[in-house]
Amino acid sequence: MLVVAVYAVNELLLSSDEKPDPSASLRVSVMAPGTFESAHPFAPYYVVPGQRLRDPSQLSRVARSKIVSDPESAMSKGALAGSPQVVRLSLRSTGDEPVTISGVRFRVVSDARPLRGWFTALSGCTGAPVRRAQGDLDSKRGRVRYVSKNDVVSRNLALEVKRGAPQVLELRATTRKRRAAWTAQLLVTDDDGNTATVSVDAGGRPFRVTSARASRGYEPVYGPTGITGFSRSKSLARGGSRC
(Lines give C-alpha, C1' and ligand atoms only; values in the text may rest on other atoms or scores of the structure.)
Protein backbone atom coordinates (compact mmCIF):
# COMPACT_ATOMS: atom_id res chain seq x y z
CA MET A 1 0.00 0.00 0.00
CA LEU A 2 2.85 2.37 0.82
CA VAL A 3 4.47 1.80 -2.53
CA VAL A 4 1.19 2.51 -4.30
CA ALA A 5 0.66 5.69 -2.27
CA VAL A 6 4.15 6.99 -3.03
CA TYR A 7 3.67 6.16 -6.66
CA ALA A 8 0.37 8.01 -6.76
CA VAL A 9 1.85 11.07 -5.08
CA ASN A 10 4.77 11.07 -7.48
CA GLU A 11 2.41 10.79 -10.38
CA LEU A 12 0.40 13.75 -9.13
CA LEU A 13 3.51 15.83 -8.63
CA LEU A 14 4.82 14.97 -12.08
CA SER A 15 1.47 15.66 -13.74
CA SER A 16 1.23 19.03 -12.01
CA ASP A 17 4.58 19.99 -13.53
CA GLU A 18 3.48 19.18 -17.05
CA LYS A 19 2.70 22.17 -19.22
CA PRO A 20 -0.66 22.37 -21.00
CA ASP A 21 -0.67 21.37 -24.65
CA PRO A 22 -2.30 24.21 -26.64
CA SER A 23 -2.68 21.97 -29.68
CA ALA A 24 -5.11 19.69 -27.82
CA SER A 25 -8.04 22.04 -28.47
CA LEU A 26 -7.14 22.84 -32.09
CA ARG A 27 -8.95 20.96 -34.84
CA VAL A 28 -7.44 21.11 -38.32
CA SER A 29 -9.31 19.92 -41.41
CA VAL A 30 -7.79 19.76 -44.90
CA MET A 31 -10.45 20.92 -47.33
CA ALA A 32 -10.91 18.56 -50.27
CA PRO A 33 -9.74 19.77 -53.72
CA GLY A 34 -12.63 21.26 -55.64
CA THR A 35 -14.55 22.38 -52.55
CA PHE A 36 -13.10 25.89 -52.62
CA GLU A 37 -12.01 28.49 -55.15
CA SER A 38 -8.50 29.84 -54.79
CA ALA A 39 -7.62 33.46 -55.53
CA HIS A 40 -4.43 32.35 -57.32
CA PRO A 41 -4.22 33.42 -60.99
CA PHE A 42 -4.49 29.81 -62.25
CA ALA A 43 -3.81 27.29 -59.46
CA PRO A 44 -4.84 24.72 -58.46
CA TYR A 45 -4.08 22.81 -61.64
CA TYR A 46 -2.82 19.29 -62.27
CA VAL A 47 -0.02 17.82 -64.41
CA VAL A 48 -0.98 14.63 -66.25
CA PRO A 49 1.96 12.27 -66.92
CA GLY A 50 2.70 11.97 -70.63
CA GLN A 51 3.10 8.22 -70.23
CA ARG A 52 -0.59 7.95 -69.38
CA LEU A 53 -1.89 10.40 -72.01
CA ARG A 54 0.36 12.05 -74.58
CA ASP A 55 -1.65 15.30 -74.63
CA PRO A 56 -5.25 16.51 -74.14
CA SER A 57 -6.19 15.62 -77.72
CA GLN A 58 -6.50 12.02 -76.51
CA LEU A 59 -9.32 12.93 -74.15
CA SER A 60 -12.91 12.03 -75.01
CA ARG A 61 -15.43 14.83 -75.58
CA VAL A 62 -16.85 14.36 -72.10
CA ALA A 63 -13.38 14.28 -70.53
CA ARG A 64 -12.40 17.51 -72.34
CA SER A 65 -15.16 19.45 -70.64
CA LYS A 66 -14.64 17.76 -67.27
CA ILE A 67 -10.93 18.48 -67.07
CA VAL A 68 -11.70 22.18 -67.51
CA SER A 69 -14.79 22.44 -65.27
CA ASP A 70 -13.46 19.94 -62.72
CA PRO A 71 -9.62 20.09 -62.85
CA GLU A 72 -9.35 17.64 -59.94
CA SER A 73 -10.65 14.91 -62.25
CA ALA A 74 -7.14 14.77 -63.72
CA MET A 75 -5.98 13.00 -60.56
CA SER A 76 -7.82 9.86 -61.74
CA LYS A 77 -5.31 9.82 -64.61
CA GLY A 78 -2.31 9.88 -62.28
CA ALA A 79 -1.92 13.67 -62.28
CA LEU A 80 -0.05 15.59 -59.59
CA ALA A 81 -0.75 19.09 -58.35
CA GLY A 82 1.26 21.66 -60.28
CA SER A 83 3.33 24.27 -58.49
CA PRO A 84 2.19 26.13 -56.50
CA GLN A 85 0.12 23.47 -54.79
CA VAL A 86 -2.82 25.03 -52.98
CA VAL A 87 -3.91 23.36 -49.74
CA ARG A 88 -6.64 25.05 -47.73
CA LEU A 89 -7.09 24.39 -44.01
CA SER A 90 -10.14 24.93 -41.83
CA LEU A 91 -9.15 25.69 -38.21
CA ARG A 92 -11.35 25.70 -35.15
CA SER A 93 -10.87 25.66 -31.40
CA THR A 94 -12.75 23.29 -29.12
CA GLY A 95 -11.46 24.88 -25.90
CA ASP A 96 -12.67 27.83 -23.88
CA GLU A 97 -9.46 29.77 -24.43
CA PRO A 98 -8.23 30.88 -27.86
CA VAL A 99 -5.04 29.58 -29.41
CA THR A 100 -2.80 31.35 -31.90
CA ILE A 101 -1.16 29.92 -35.02
CA SER A 102 2.22 31.64 -34.81
CA GLY A 103 3.97 30.02 -37.76
CA VAL A 104 4.04 27.32 -40.43
CA ARG A 105 6.92 25.04 -41.36
CA PHE A 106 7.10 23.25 -44.70
CA ARG A 107 9.08 19.98 -44.68
CA VAL A 108 10.22 18.16 -47.83
CA VAL A 109 9.94 14.41 -47.31
CA SER A 110 11.39 13.34 -50.66
CA ASP A 111 12.02 14.77 -54.10
CA ALA A 112 12.66 13.72 -57.70
CA ARG A 113 12.83 15.17 -61.18
CA PRO A 114 9.74 17.13 -62.24
CA LEU A 115 6.96 15.14 -63.83
CA ARG A 116 6.99 15.20 -67.64
CA GLY A 117 3.52 15.68 -69.04
CA TRP A 118 0.92 18.34 -69.76
CA PHE A 119 -1.70 20.41 -67.98
CA THR A 120 -4.63 22.71 -68.58
CA ALA A 121 -5.20 25.82 -66.50
CA LEU A 122 -7.49 28.79 -66.87
CA SER A 123 -6.83 32.33 -65.70
CA GLY A 124 -8.87 32.91 -62.58
CA CYS A 125 -8.55 35.47 -59.76
CA THR A 126 -12.27 35.16 -58.97
CA GLY A 127 -11.86 33.53 -55.56
CA ALA A 128 -12.08 35.63 -52.40
CA PRO A 129 -8.61 36.21 -50.88
CA VAL A 130 -7.83 34.39 -47.63
CA ARG A 131 -4.86 34.50 -45.28
CA ARG A 132 -2.11 32.28 -46.60
CA ALA A 133 1.35 30.87 -45.87
CA GLN A 134 3.65 30.53 -48.87
CA GLY A 135 6.47 28.01 -48.61
CA ASP A 136 9.43 27.71 -50.97
CA LEU A 137 10.25 24.00 -51.15
CA ASP A 138 13.50 24.78 -53.00
CA SER A 139 14.82 26.92 -50.15
CA LYS A 140 17.28 25.18 -47.80
CA ARG A 141 16.30 27.66 -45.09
CA GLY A 142 12.65 26.74 -45.39
CA ARG A 143 11.62 30.28 -46.26
CA VAL A 144 7.96 31.08 -45.56
CA ARG A 145 6.05 34.28 -46.28
CA TYR A 146 2.65 35.13 -44.82
CA VAL A 147 0.10 37.12 -46.80
CA SER A 148 -2.98 38.77 -45.33
CA LYS A 149 -6.40 39.00 -46.96
CA ASN A 150 -5.37 42.49 -48.08
CA ASP A 151 -2.25 41.11 -49.78
CA VAL A 152 0.16 42.47 -47.14
CA VAL A 153 3.29 40.29 -46.99
CA SER A 154 5.00 39.55 -43.67
CA ARG A 155 7.53 37.18 -42.13
CA ASN A 156 5.35 36.77 -39.05
CA LEU A 157 2.00 35.14 -38.42
CA ALA A 158 -0.48 35.63 -35.56
CA LEU A 159 -3.76 33.93 -36.45
CA GLU A 160 -6.06 33.68 -33.42
CA VAL A 161 -8.54 30.80 -33.39
CA LYS A 162 -11.48 30.98 -30.97
CA ARG A 163 -14.32 28.63 -30.13
CA GLY A 164 -17.23 29.26 -32.50
CA ALA A 165 -15.11 31.34 -34.88
CA PRO A 166 -13.43 29.03 -37.42
CA GLN A 167 -10.51 30.39 -39.41
CA VAL A 168 -9.17 29.55 -42.86
CA LEU A 169 -5.48 29.32 -43.71
CA GLU A 170 -4.26 28.51 -47.19
CA LEU A 171 -0.89 26.82 -47.74
CA ARG A 172 0.89 27.36 -51.04
CA ALA A 173 3.87 25.11 -51.66
CA THR A 174 6.10 26.21 -54.53
CA THR A 175 8.88 24.40 -56.37
CA ARG A 176 10.50 25.63 -59.56
CA LYS A 177 12.94 22.76 -60.01
CA ARG A 178 11.53 19.42 -58.93
CA ARG A 179 8.78 17.08 -57.84
CA ALA A 180 8.38 16.98 -54.07
CA ALA A 181 6.49 15.19 -51.33
CA TRP A 182 5.92 17.47 -48.37
CA THR A 183 4.15 17.97 -45.08
CA ALA A 184 3.54 21.01 -42.89
CA GLN A 185 3.65 21.85 -39.21
CA LEU A 186 1.56 24.52 -37.52
CA LEU A 187 3.15 26.25 -34.54
CA VAL A 188 0.47 26.73 -31.88
CA THR A 189 0.67 29.07 -28.85
CA ASP A 190 -1.79 29.75 -26.04
CA ASP A 191 -2.25 32.90 -23.92
CA ASP A 192 0.16 31.56 -21.29
CA GLY A 193 2.97 31.17 -23.80
CA ASN A 194 2.82 27.38 -24.01
CA THR A 195 3.74 26.10 -27.48
CA ALA A 196 3.15 22.94 -29.50
CA THR A 197 3.12 21.77 -33.11
CA VAL A 198 0.38 20.19 -35.20
CA SER A 199 1.32 18.10 -38.23
CA VAL A 200 -0.67 18.52 -41.43
CA ASP A 201 -0.66 15.99 -44.27
CA ALA A 202 -2.94 14.31 -46.79
CA GLY A 203 -4.63 11.74 -44.57
CA GLY A 204 -1.40 10.21 -43.27
CA ARG A 205 0.50 10.66 -46.52
CA PRO A 206 2.52 13.64 -47.74
CA PHE A 207 1.16 16.15 -50.20
CA ARG A 208 2.72 15.86 -53.66
CA VAL A 209 3.53 18.69 -56.06
CA THR A 210 5.55 19.02 -59.25
CA SER A 211 7.16 21.89 -61.08
CA ALA A 212 5.61 22.38 -64.51
CA ARG A 213 8.96 23.16 -66.13
CA ALA A 214 9.08 19.76 -67.88
CA SER A 215 5.46 19.91 -69.05
CA ARG A 216 3.35 21.66 -71.67
CA GLY A 217 0.43 23.96 -70.89
CA TYR A 218 -2.78 23.98 -72.92
CA GLU A 219 -5.86 26.17 -73.09
CA PRO A 220 -9.27 25.01 -74.35
CA VAL A 221 -10.54 26.00 -77.77
CA TYR A 222 -14.29 26.60 -77.83
CA GLY A 223 -16.66 25.95 -80.70
CA PRO A 224 -20.44 25.85 -81.26
CA THR A 225 -20.71 22.52 -79.43
CA GLY A 226 -18.40 23.32 -76.55
CA ILE A 227 -14.70 22.51 -76.23
CA THR A 228 -13.44 21.29 -79.60
CA GLY A 229 -9.77 20.98 -78.74
CA PHE A 230 -6.77 22.54 -76.98
CA SER A 231 -4.01 24.90 -78.04
CA ARG A 232 -0.59 25.45 -76.52
CA SER A 233 -0.54 28.23 -73.92
CA LYS A 234 2.35 30.71 -73.94
CA SER A 235 1.13 32.67 -70.92
CA LEU A 236 1.02 29.58 -68.70
CA ALA A 237 4.48 28.58 -69.85
CA ARG A 238 5.70 31.95 -68.55
CA GLY A 239 3.98 31.45 -65.21
CA GLY A 240 0.56 32.89 -65.99
CA SER A 241 -0.95 36.24 -65.20
CA ARG A 242 -1.19 38.05 -61.88
CA CYS A 243 -4.33 38.93 -59.97
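The structure we're discussing is the one just above.
Presented here is a report on the structure given in the accompanying data block. (Residues numbered from 1 in each chain as written. Predicted model: local features only at pLDDT ≥ 70, side-chain atom pairs only at ≥ 80, totals over all residues. Heavy atoms only, no water.)

Focus: the pairing of strand β4 (residues 85–93)
Then step 1. Taken across its 9 residues, β4 has 7 buried, putting it largely inside the fold.
Then step 2. The pairing of strand β1 (residues 26–30) with β4 spans 5 bridges and is classified as antiparallel. Residue pairing in the sheet places V28 in a bridge with L91 of β4.
Then step 3. Across 7 bridges, β4 lies against strand β11 (residues 167–174) in antiparallel orientation. From the neighbouring strand, S90 faces β11, where its bridge partner is V168. (Buried < 20%, exposed > 50% of the residue type's maximum accessible area, 1.4 Å probe, protein only. Helix = DSSP H or I, 4+ residues; strand = E, 2+ residues; numbered from the N terminus. Pairing = 2+ DSSP bridges.)

Concerning the packing of aromatic side chains
Then step 1. Scanning the model with the defined rule gives 4 aromatic pairs in all.
Then step 2. Pairing W182 with F207 gives two aromatic rings, centres 4.7 Å apart and planes at 35°, and the pair type is tilted. Residue W182 is found in strand β12 (residues 179–190), and its partner F207 is found in strand β14 (residues 207–210); the two are separated by 25 residues along the sequence. You'll find W182 and F207 in the same group, each marked buried.
Then step 3. Lying over the aromatic face of Y218, R232 brings its terminal NZ or CZ to 5.8 Å of the ring centre. (Phe/Tyr/Trp six-rings, centres within 6.5 Å; stacked < 30°, edge-to-face > 60°. Lys NZ or Arg CZ within 6 Å of the ring centre and 35° of its normal.)

Some words on the sheet that holds strand β7 (residues 132–136)
Then step 1. Strand order in the open sheet made by the 6 strands is β1-β4-β11-β7-β8-β9, with mixed pairing throughout. Edge positions in the sheet fall to β1 and β9 (153–154), since each of these pairs with one other strand and no more.

As for unusual backbone geometry
Then step 1. Of the consecutive residues A43 and P44, the connecting peptide bond is found in the cis state with omega at 5°.
Then step 2. For P44, the location among the structural elements is in the loop between β1 and β2 (46–49).
Then step 3. Note the cis peptide between S83 and P84, where omega equals 0°.
Then step 4. Take P84: it is sitting in the loop between β3 (80–82) and β4.

Side note on the nonpolar core
Then step 1. Among the nonpolar cores identified, the biggest contains 27 residues, and L91, I101, V104, F106, L171, W182 and L186 are the most heavily contacted of them.
Then step 2. For this core, the secondary-structure elements that each account for two or more residues are β4, β5 (99–112), β8 (144–147), β10 (159–161), β11, β12, β13 (195–200) and β14.
Then step 3. In terms of residue count, the dominant contributor to this core is β12 (5 residues).
Then step 4. Those residues in contact with L171 that lie beyond four places of it in its chain are Q85, V86, V87, L89, V104, F106, A133, W182 and A184.
Then step 5. Listed in part, the 14 residues of the second largest apolar core include A74, A79, W118 and F230. (Core = buried A, V, L, I, M, F, W, Y, C linked by side-chain atoms within 4.5 Å. Contact = heavy atoms within 4.5 Å.)

A short note on the side chain of R88
Then step 1. One can find R88 in strand β4.
Then step 2. One polar contact links R88 to E170, side chain to side chain, over a distance of 2.6 Å.
Then step 3. Excluding its chain neighbours within four sequence positions, the residues that come into contact with R88 are S29, V30, M31, F36, E37, S38, A128, V130, V168, L169 and E170. (Polar contact = N/O pair within 3.5 Å; in protein donor to acceptor, adjacent residues only side chain to side chain.)

Looking at the pattern of salt bridges
Then step 1. For the structure on display, the rule yields 11 salt bridges.
Then step 2. Between E170 and R88 there is a salt bridge, and its shortest N-O distance comes to 2.6 Å. Highlighted residues: E170 in strand β11 and R88 in strand β4, separated in sequence by 82 residues.
Then step 3. In this structure E170 comes out as buried when scored by relative accessible area, which is 1%.
Then step 4. The class for R88 is buried, based on a relative accessible area of 8%.
Then step 5. Across the pair D136 and R176 runs a salt bridge, and its minimum N-O distance is 3.3 Å. One end of the pair, D136, is in strand β7; the other, R176, is in the loop between β11 and β12, and 40 residues separate them in sequence.
Then step 6. Judged by relative accessible area, D136 falls into the buried class, the value being 11%.
Then step 7. Under the relative-accessibility criterion, R176 is labelled partly exposed at 46%.
Then step 8. Counted as one network, the salt bridges with shared partners bring together D111, D136, D138, R143, R176 and R178. (Salt bridge = Lys/Arg side-chain N within 4 Å of Asp/Glu carboxyl O.)

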